[in-house]
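Residue-level listing of the chains:
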Amino acid sequence: MAGSTHQTRRVILAGLIGTSLEWYDFFLYTTAATLVFGKLFFPTLDPLNATLAALTTNAVAFVARPLGGVVFGHFGDRAGRKTVLVVTLLLMGVSTFLIGVLPGYGSVGVAAPILLALLRFAQGLGLGGEWGGAVIMSLEHGGNRRRGLNASWPQVGVPAGYVLATGLLTIMSFTLSDAAFLSWGWRVPFLLSGGLVLVGLWVRLTVSESPLFARVEERGAKARMPLLEVLRTHPRALLSAFTARIGVDVAFYVFTAYIIVYITGPLKLERSVALNAVLIGSALELVLIPLFGALSDRVGRRPVYLGGVLAAALWVFAFFPLLDTRSFPLIALAALVALVTHAAMYGPQAAFIAELFTTRLRYSGASMGYQVAGIVGGALAPVIALKLFDLYGTTLAVSLYVVAALAVTTVGVLMAPETRDVDITADWERTQPNLPRQVGPFA
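In short, a report on the structure. Just so it is clear, the model here is predicted, and its values are computed rather than measured. (Residues numbered from 1 in each chain as written. Predicted model: local features only at pLDDT ≥ 70, side-chain atom pairs only at ≥ 80, totals over all residues. Heavy atoms only, no water.)

What about the overall build of the protein chain?
No. 1: Helix and strand counts for the protein chain stand at 17 helices and 0 strands.
No. 2: The C-alpha radius of gyration of the protein chain comes to 21 Å, within 12% of the 22 Å expected for a compact globule of 443 residues.
No. 3: When its C-alpha atoms are laid out on the principal axes, the protein chain stretches across 60 × 45 × 35 Å.
No. 4: Burial statistics for the protein chain: of 443 residues in total, 61% are counted as buried.
No. 5: Counted over contacts in the protein chain with a minimum sequence separation of 6, partners at least 24 positions apart contribute 86%.
No. 6: Once the 32 positive and 23 negative side-chain charges of the protein chain are each reduced to a mean point, those two points are 3 Å apart. (Helix = DSSP H or I, 4+ residues; strand = E, 2+ residues; numbered from the N terminus. Rg over C-alpha atoms; globule rule 2.2 N^0.38 Å. Buried < 20%, exposed > 50% of the residue type's maximum accessible area, 1.4 Å probe, protein only. Contact = heavy atoms within 4.5 Å. Lys, Arg positive; Asp, Glu negative; His and termini not counted. Charge placed at Lys NZ, Arg CZ, Asp CG, Glu CD.)

Structure, rendered in structure tokens:
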């Protein structure tokens, strides 16, 4: 029931462009929170607490993401994947544009950080529904033998969005004085989001609905309350998806977000040092993520995933010593290798999580498992890392935190069966509402 090769390519392109734009919006906020928002929206606090406050508003999006996963996952399993993906892209784009015109604390007082948090919440809702839809559309249009590769393309949207967002902020910070960048320069990339979203919408409106979902719809096999049914029939799959993601998120945000705080804070280096180092690693991830996704089609999801986990757990102990050298080539090496390890985990992750759930529940199940883990992982990782270093005065505490999170991920991956050989194109034949249980990798 896979789609045609031509349609599959269009779906993959639509997913890649859409997720790149959504992650562009998302990372704009994350990067601006470490560089600008503390001074602009929390000027009454000391620098450390202002940065913590800004990162806390950043964490609001991670709280919203599971809610977005629930809401949009429900409609994705009920109304279809394509419609939901158009709505999520619009929600993210409008929220990002409004952040670009938001007045600071000096103009409207306490209303400024409140509005900032609300718009960040809206961003989180959009992203919470985005990931599952983009991955599932790519997975369900393609054939069984290339699911790892096809599902990995929306994952490329993460480094693509980071490169685009950080690159534009870097250009603005290089070409403007600190005062001009703080006053208005940081707003330009946010405002550009409005035009970029129109491009993404045009691409998404040209693709067809998932053929597997269409078949479920034809047979009247759609779940009435998808999330409740996931909780009832797929509890182990949900737990596996949740735990398998936590360490990947923690490692990523330490490698890409906390590095900026650490380099500009304790090391007292220019922010461009951190931004450029992560840009180099992110550019390499653009190539590596689909390669690791394709490798998982050959050797399995779990071996590739766990190889990345082990590599990240080892590299984190070299990561901070390399940063401490204050040498840009060594700092760039630290970020580069760190993001190679992330690519090894992130490449097979999309297919691994989505394949744990049957077609009629896939949007809700995959979105919930993936997004809830974001609260424990990505939302708290920069804040916990900052507090650990402040409390113990050593980056060893941060490294041990990353290793502990990766240990949880190892358990999550090992508790699931290998999903590469699961035939998702046949599960609609066996998922009628009157059946007593679902058919899937845990059945």
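Points about helix 8 (residues 187-204)
Helical geometry note: an α-helix holds 3.6 residues per turn, so side chains three or four residues apart project in the same direction.
No. 1: For helix 8, with 18 residues, the first-to-last C-alpha span of 27 Å sits near the 26 Å given by 1.5 Å per residue.
No. 2: Along helix 8, the helix axis deviates most sharply at Gly 194, where the bend reaches about 35°.
No. 3: Inspection of helix 8 places Arg 187, Pro 189, Phe 190, Ser 193, Val 197, Gly 200, Leu 201, Val 203 and Arg 204 among the buried residues, and these make up the whole buried set.
No. 4: Residues of helix 8 that are buried make contact with helix 1 (5-41), helix 3 (81-100), helix 5 (111-141), helix 6 (147-175) and helix 7 (178-185). (Expected span 1.5 Å × (residues − 1). Bend = angle between axes of the 7 residues up to and from the residue.)

Brief notes about the pattern of salt bridges
No. 1: Summed over the entire model, instances satisfying the criterion amount to 11 salt bridges.
No. 2: Close ionic contact of Glu 355 with Arg 147 constitutes a salt bridge, the shortest N to O distance being 2.7 Å. Of the two residues, Glu 355 sits in the loop between helix 14 (328-354) and helix 15 (362-379) while Arg 147 sits in helix 6, which places them 208 residues apart along the sequence.
No. 3: Arg 245 is the partner of Asp 249 in a salt bridge, and the nearest nitrogen-oxygen pair spans 3.1 Å. Within this pair, Asp 249 and its partner Arg 245 are both found in helix 11 (residues 235-264), separated by 4 residues, close to a single helical turn.
No. 4: A relative accessible area of 2% places Arg 245 in the buried class.
No. 5: Linked through salt bridges whose partners overlap, the residues forming this network are Asp 77, Arg 81, Glu 140 and Arg 362. (Salt bridge = Lys/Arg side-chain N within 4 Å of Asp/Glu carboxyl O.)

Description of the nonpolar core
No. 1: Judged by nonpolar contacts, the single largest core of 136 residues is most densely connected at Phe 37, Tyr 253, Phe 319 and Leu 323.
No. 2: Counting residues per element, this core draws most heavily on helix 11, which supplies 19 residues.
No. 3: Setting aside chain neighbours within four positions, we find Tyr 253 in contact with Trp 23, Phe 26, Phe 27, Phe 62, Arg 65, Tyr 258, Gly 378, Ala 381 and Pro 382.
No. 4: Counting 5 residues, the second-largest nonpolar core is a separate cluster that includes Leu 21, Val 86, Leu 89 and Val 197. (Core = buried A, V, L, I, M, F, W, Y, C linked by side-chain atoms within 4.5 Å.)

Points about helix 17 (residues 396-414)
No. 1: When the terminal C-alpha atoms of helix 17 are compared, their 27 Å separation across 19 residues agrees well with the 27 Å that a helix rising 1.5 Å per residue should span.
No. 2: Residues of helix 17 that are buried: Ala 397, Val 398, Ser 399, Tyr 401, Val 402, Ala 405, Leu 406, Thr 409, Gly 412 and Val 413.
No. 3: Turning to helix 17, the residues buried within the fold contact helix 11, helix 13 (301-324), helix 14, helix 15 and helix 16 (381-392).

Quick notes on the packing of helix 1 against helix 8
No. 1: Axis separation between helix 1 and helix 8 bottoms out at 9 Å; the angle between their running directions is 165°. Taken as axis vectors, helix 1 and helix 8 run roughly antiparallel relative to one another. Of the two elements, helix 1 crosses helix 8, and the hand of that crossing is left-handed.
No. 2: Per-class residue counts for the contact of helix 1 with helix 8 are 15 nonpolar, 5 polar and 4 charged. (Axes fitted to C-alpha atoms, helices over the stretch in contact; angles between N-to-C directions. Parallel < 35°, antiparallel > 145°, perpendicular 65-115°, else oblique. Left-handed = near helix turned anticlockwise from the far one by under 90°. Nonpolar A, V, L, I, M, F, W, Y, C, P; charged D, E, K, R; others polar.)

Section: the packing of aromatic side chains
No. 1: With the rule as written, the count across this model stands at 14 aromatic pairs.
No. 2: Judged by centre distance (3.7 Å) and plane angle (10°), the ring pair of Trp 131 and Tyr 370 falls under stacked. Taken together, the residues Trp 131 in helix 5 and Tyr 370 in helix 15 connect sequence positions 239 residues apart. A single burial state applies to Trp 131 and to Tyr 370, both of which are buried.
No. 3: Taken together, a centroid distance of 5.6 Å and an interplanar angle of 70° make the contact between Tyr 305 and Phe 352 edge-to-face. Of this pair, Tyr 305 sits in helix 13 while Phe 352 sits in helix 14; the two residues are 47 residues apart in sequence, bridging distant segments of the chain. This pair shows no difference in class: Tyr 305 is buried, exactly as Phe 352 is.
No. 4: Aromatic ring contacts, followed pair by pair, group Phe 255, Tyr 258, Tyr 262, Phe 319, Phe 320 and Phe 389 into a single cluster.
No. 5: Over the face of the ring belonging to Tyr 370 we find Arg 245, whose NZ or CZ atom lies 3.5 Å from the ring centre. (Phe/Tyr/Trp six-rings, centres within 6.5 Å; stacked < 30°, edge-to-face > 60°. Lys NZ or Arg CZ within 6 Å of the ring centre and 35° of its normal.)

Observations concerning a nonpolar patch on the surface
No. 1: Taken together, the side chains of Val 94, Phe 97, Leu 98, Val 101 and Leu 191 define a hydrophobic patch exposed on the protein surface, amounting to about 390 Å² of accessible area.
No. 2: Its place among the elements puts Leu 98 in helix 3. (Patch = residues over 30% accessible without salt bridge, like charges linked within 9 Å, V, L, I, M, F, W, Y side chains within 5 Å. Areas by Shrake-Rupley, 256 points an atom, 1.4 Å probe, with all protein chains shown as cover.)

Focus on the environment of Leu 267
No. 1: If you trace the backbone, Leu 267 turns up in the loop between helix 11 and helix 12 (271-299).
No. 2: Residues Leu 267 and Lys 222 lie 45 residues apart in sequence; the distance between their C-alpha atoms is 55 Å.
No. 3: Beyond its immediate chain neighbours, meaning those up to four positions away, Leu 267 contacts Tyr 262, Leu 323, Asp 324 and Arg 326.

Concerning the environment of Gly 293
No. 1: Here Gly 293 lies in helix 12.
No. 2: A residue is classified by how much of its surface remains accessible, and Gly 293, at 0% relative accessible area, is buried.
No. 3: Taking C-alpha positions, Gly 293 is 8.1 Å from Gln 349, a pair spaced 56 residues apart along the chain.
No. 4: In this structure, Gly 293 is in contact with Gly 148, Leu 149, Ser 152, Gly 347 and Pro 348, ignoring residues within four places of it in sequence.

Thoughts on the side chain of Asn 150
No. 1: Turning to its location among the elements, Asn 150 is positioned in helix 6.
No. 2: Setting aside residues no more than four positions away along its own chain, Asn 150 makes contact with Thr 8, Ile 12, Ser 138, Gly 142 and Gly 143.

Worth remembering: the numbers are spatial, not functional.
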